[in-house]
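Next come the chains, spelled out residue by residue.
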Amino acid sequence: MGALCAAGVVGVDVSPTLVALAQKHFEAVVADAADLPFSAGSFDLVAAFMALQSVEELDRAVAEAARVLQPAGRFCFAIAHPIRTAGTFEDGDFVIAGSYLERRTRELTQGRFWRKVTLPAVHRPLEQYIGALQTAGFVVQALREPRLGDGGPWVRVPHSVHVRAVRP
Amino acid sequence: MTLNEDWEREAGNWIAWARMPGHDAYWGHSGPPFFALLPAPGRATLEIGCGEGRVARDLAARGHSVTGVDAAPTLLEAARAADPDATYVLADAAELPFADGSFDLVVAFNSLMDVQDMRGAVCEAARVLEPGGRFCVCVTHPLADAGRFASREADAPFVIRGSYFGRRRFEETFARDGLEITFRGWCYPVDEYFRAFEQAGLAVELLREPPIGDEEVRRDPADRRWQRIPAFLYLRAVRP
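In this text the structure is predicted, and so the values were computed from the model without any measurement.

Thresholds, definitions, all that
- Residues numbered from 1 in each chain as written.
- Chains lettered and ligands numbered in written order.
- Predicted model: local features only at pLDDT ≥ 70, side-chain atom pairs only at ≥ 80, totals over all residues.
- Heavy atoms only, no water.
- Contact = heavy atoms within 4.5 Å.
- Buried area = accessible area lost by both parts, 1.4 Å probe.
- Salt bridge = Lys/Arg side-chain N within 4 Å of Asp/Glu carboxyl O.
- Polar contact = N/O pair within 3.5 Å; in protein donor to acceptor, adjacent residues only side chain to side chain.
- Helix = DSSP H or I, 4+ residues; strand = E, 2+ residues; numbered from the N terminus.
- Nonpolar A, V, L, I, M, F, W, Y, C, P; charged D, E, K, R; others polar.
- Pairing = 2+ DSSP bridges.
- Buried < 20%, exposed > 50% of the residue type's maximum accessible area, 1.4 Å probe, protein only.
- Axes fitted to C-alpha atoms, helices over the stretch in contact; angles between N-to-C directions.
- Parallel < 35°, antiparallel > 145°, perpendicular 65-115°, else oblique.
- Left-handed = near helix turned anticlockwise from the far one by under 90°.
- 1 Å grid on protein atoms, 1.4 Å probe; cavity = no way out; pocket = protein on both sides within 12 Å on 5 of 7 lines; lining within 4 Å.
- Points joined across faces, edges and corners; volume = space filled by probe spheres on them.
- Core = buried A, V, L, I, M, F, W, Y, C linked by side-chain atoms within 4.5 Å.
- Phe/Tyr/Trp six-rings, centres within 6.5 Å; stacked < 30°, edge-to-face > 60°.
- Lys NZ or Arg CZ within 6 Å of the ring centre and 35° of its normal.

1. Examining the interface of chain B and chain A
Working step 1: Counting from both sides, the interface comprises 30 residues of chain B and, opposite them, 31 residues of chain A.
Working step 2: Regarding the contact of chain B and chain A, the summed buried area is about 2,700 Å², with carbon and sulfur atoms giving 55% of it.
Working step 3: On inspection of chain B and its partner chain A, the count reaches two salt bridges.
Working step 4: Counting across the chain B and chain A interface gives 19 residue pairs in polar contact (both at pLDDT 80 or more).
Working step 5: Of all the elements in the fold, those that place two or more residues in the side of chain B that touches chain A are β7 (158–160), α8 (190–199) and β10 (203–208) of chain B.
Working step 6: Of the residues forming the side of chain B that touches chain A, the biggest block, six residues, is contributed by β10(B).
Working step 7: Tallied by class, residues from the side of chain B that touches chain A come to 17 nonpolar, three polar and 10 charged.
Working step 8: With three bridges connecting them, strand β6 (residues 93–96) of chain A and β7(B) associate as antiparallel partners.

2. Quick look at the environment of A:Gly152
All names here are of chain A.
Working step 1: Position of Gly152 relative to the elements: it lies in the loop between β9 (139–144) and β10 (160–166).
Working step 2: The exposure class of Gly152 is buried, given its relative accessible area of 10%.
Working step 3: Separated by 16 residues in the primary sequence, Gly152 and Ala136 have C-alpha atoms spaced 36 Å apart.

3. Observations regarding the sheet that holds β6(A)
Working step 1: With antiparallel pairing, four strands are arranged side by side in an open sheet as β5(A)-β6(A)-β7(B)-β6(B). Two strands lie at the open edges of the sheet, namely β5 (88–90) of chain A together with β6 (148–149) of chain B, each paired on one side alone.
Working step 2: Relative to β6(A), β5(A) runs antiparallel, the two being bridged by three bridges. Considered in β6(A), the bridge of A:Glu90 is made with A:Asp93.

4. Focus on the packing of helix α6 (residues 118–128) of chain B against α8(B)
Residues and elements named next belong to chain B.
Working step 1: Interaxial distance between α6 and α8 falls to 9 Å at its minimum, and their mutual angle equals 40 degrees. Our classification of the angle between α6 and α8 gives oblique. Between α6 and α8 lies a crossing of right-handed hand. Along its contact with α6, which presents Met118, Arg119 and Val122, the element α8 presents Glu192, Tyr193, Arg195, Ala196, Phe197 and Gln199.
Working step 2: Tallied by class, residues from the contact of α6 with α8 come to five nonpolar, one polar and three charged.

5. Some points on empty space enclosed by the protein
Summary: where empty space remains is shown by rolling a probe the size of a single water molecule over the atoms.
Working step 1: With the rule as written, the count across this model stands at one cavity of 30 Å³ or more.
Working step 2: Computed from the structure, the largest cavity encloses a volume of approximately 40 Å³.
Working step 3: Every residue along the wall of the largest cavity is listed here: A:His81, A:Ile83, A:Tyr100, A:Leu126, B:His141, B:Tyr164, B:Val190 and B:Glu209.
Working step 4: When the residues that make up the lining of the largest cavity are grouped by side-chain class, the tally is five nonpolar, two polar and one charged.

6. Brief notes about the pattern of salt bridges
Residue and element names in this part refer to chain B.
Working step 1: As enumerated under the stated definition, the model contains 22 salt bridges over all chains in all.
Working step 2: When the shortest N-O distance is used, the salt bridge between Arg134 and Glu205 registers 2.7 Å. Placement of the pair is Arg134 in strand β5 (residues 129–140) and Glu205 in strand β10, with a sequence separation of 71 residues.
Working step 3: Given a relative accessible area of 25%, Arg134 falls into the partly exposed group.
Working step 4: Residue classification places Glu205 among the buried residues on the basis of a relative accessible area of 10%.
Working step 5: Between Arg236 and Glu205 there is a salt bridge, with the nearest N and O atoms lying 2.8 Å from each other. Taken together, the residues span a long stretch of sequence, with Arg236 in strand β11 (residues 232–238) and Glu205 in strand β10 at a distance of 31 residues. The residues Arg236 and Glu205 share a single accessibility class, namely buried.
Working step 6: The structure contains a network of salt bridges with shared partners spanning Asp6, Arg9 and Arg169.

7. Remarks on the nonpolar core
Taken as a class, soluble globular proteins show a tendency for nonpolar side chains to be buried jointly.
Working step 1: Core analysis: the largest hydrophobic core is formed by 85 residues, its most contacted members being A:Leu52, A:Phe75, A:Leu133, B:Leu112, B:Phe135 and B:Phe197.
Working step 2: Each residue touching A:Leu52, except ones within four places of it in the same chain, is listed here: A:Leu58, A:Ala61, A:Phe75, A:Phe77, A:Ile79, A:Arg124 and A:Tyr129.
Working step 3: By size, the runner-up hydrophobic cluster in this structure holds 23 residues, among which are B:Tyr26, B:Ala79, B:Tyr88 and B:Cys138.

8. Let's talk about the environment of B:Tyr88
Working step 1: Following the sequence through the fold, B:Tyr88 ends up in strand β3 (residues 87–90).
Working step 2: B:Tyr88 has contacts with B:Cys50, B:Gly53, B:Ala56, B:Arg57, B:Gly68, B:Leu76, B:Ala79, B:Arg80 and B:Asp83, leaving out every residue within four places of it along the chain.

9. Here's the deal with the packing of aromatic side chains
Here a ring pair, both rings aromatic, is described through the centre-centre distance and the interplanar angle of the planes.
Working step 1: The full count for this structure, using the stated rule, is 22 aromatic pairs over all chains.
Working step 2: On the basis of an interplanar angle of 80 degrees and a centroid distance of 6.1 Å, the ring pair of B:Tyr26 and B:Trp27 is categorised as edge-to-face.
Working step 3: Accessibility expressed as a relative area gives 6% for B:Tyr26, which makes it buried.
Working step 4: Ring plane angle 70 degrees and centroid distance 5.4 Å describe the contact between B:Tyr188 and B:Tyr193, whose orientation is recorded as edge-to-face. Each member of the pair, B:Tyr188 as well as B:Tyr193, carries the same accessibility label: buried.
Working step 5: Among the aromatic side chains, those forming a connected cluster through ring pairs are B:Tyr26, B:Trp27, B:Phe34, B:Phe35, B:Phe109 and B:Tyr234.
Working step 6: Above the ring of A:Trp154, the side-chain terminus of A:Arg84 is found at 5.3 Å from the ring centroid.
Working step 7: The residue whose ring lies beneath B:Arg62 is B:Phe35, and the NZ or CZ to ring-centre distance is 4.0 Å.

Everything listed here is a matter of geometry and, on its own, says nothing about what the molecule does.
Quick look at the structure:
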């Protein structure tokens, strides 16, 4: 996104290596999502793409997004779907052996074939994400569960959730 | 046969099922926590798919001025007989006989899965709400509808063999303590409900996935599997 429209974009990540790479294309800073180095009302859009499922302190990160947004600003995010993070594929079936409703940390593999990356993630039920939004004063304007039509298993089981929220 | 006719055919079974105290989840984890999410009673409350009227009666007991709507004449008759002072209207959820902005709260308790035109019903709910009014919904949880537990054991794996996506028919017969009921309706993924709300101009301010309560688990320890997978989904939306 930064490369397409560098003007007015500020990137934030906890990894200095990734931020150094991003800085070749646009403004980026090393910071924790739960403690943003920006003053209140600095932005009219906050985006978090496949990031919040790696954030330990979800409520604080969402509260920070609310703080740095102008009134009526949008918070748009994509997360690994809570159904996906609750279970695993076993011989073609998707199996939740434990609890969907309980928060826990686990490893999550992104990508396929030789380009795979495995990262720690937090499983939490959908109500914890929407609850964090509610606590920060957001309402959800749109929620989508995109269906990956690439012939893989995610054509039957939801892979991610996309949310657009606004603080009225 | 339409879903409305299905309910008319099941009316006798449902009246017996719904009115036996403690018989189903309404008395445990689907009912009481739902009422806790409703705004305080206001000017006028509408319940969509009121059936024999147990939710409408409980709303009235909490101070709501309730109008109940259902498409099954026998259920509506039973609702009227149980509470002659209340207002019950025979209508399809997707074609409500009320003026715009007639209500400040609309409730749909386990009924959006059972209407033929879910999006139409949500649009109508939004239309009859005044600005700032709330639409409070309980539906069967799309995750629970998409799969099955491998057995009745408390720690049985929950398995999705088919697809979570799309609109799928639901039909299942339940029998317990000499009573029997066949539920027929539709299963939707979560985003089908959100798309309907978005299309109707409603913003979702609250979402809950209530687990089964400890008391129900004490009665049947195998029901503890429903503390891992939610059976119901609550949504509260506001008309801006």
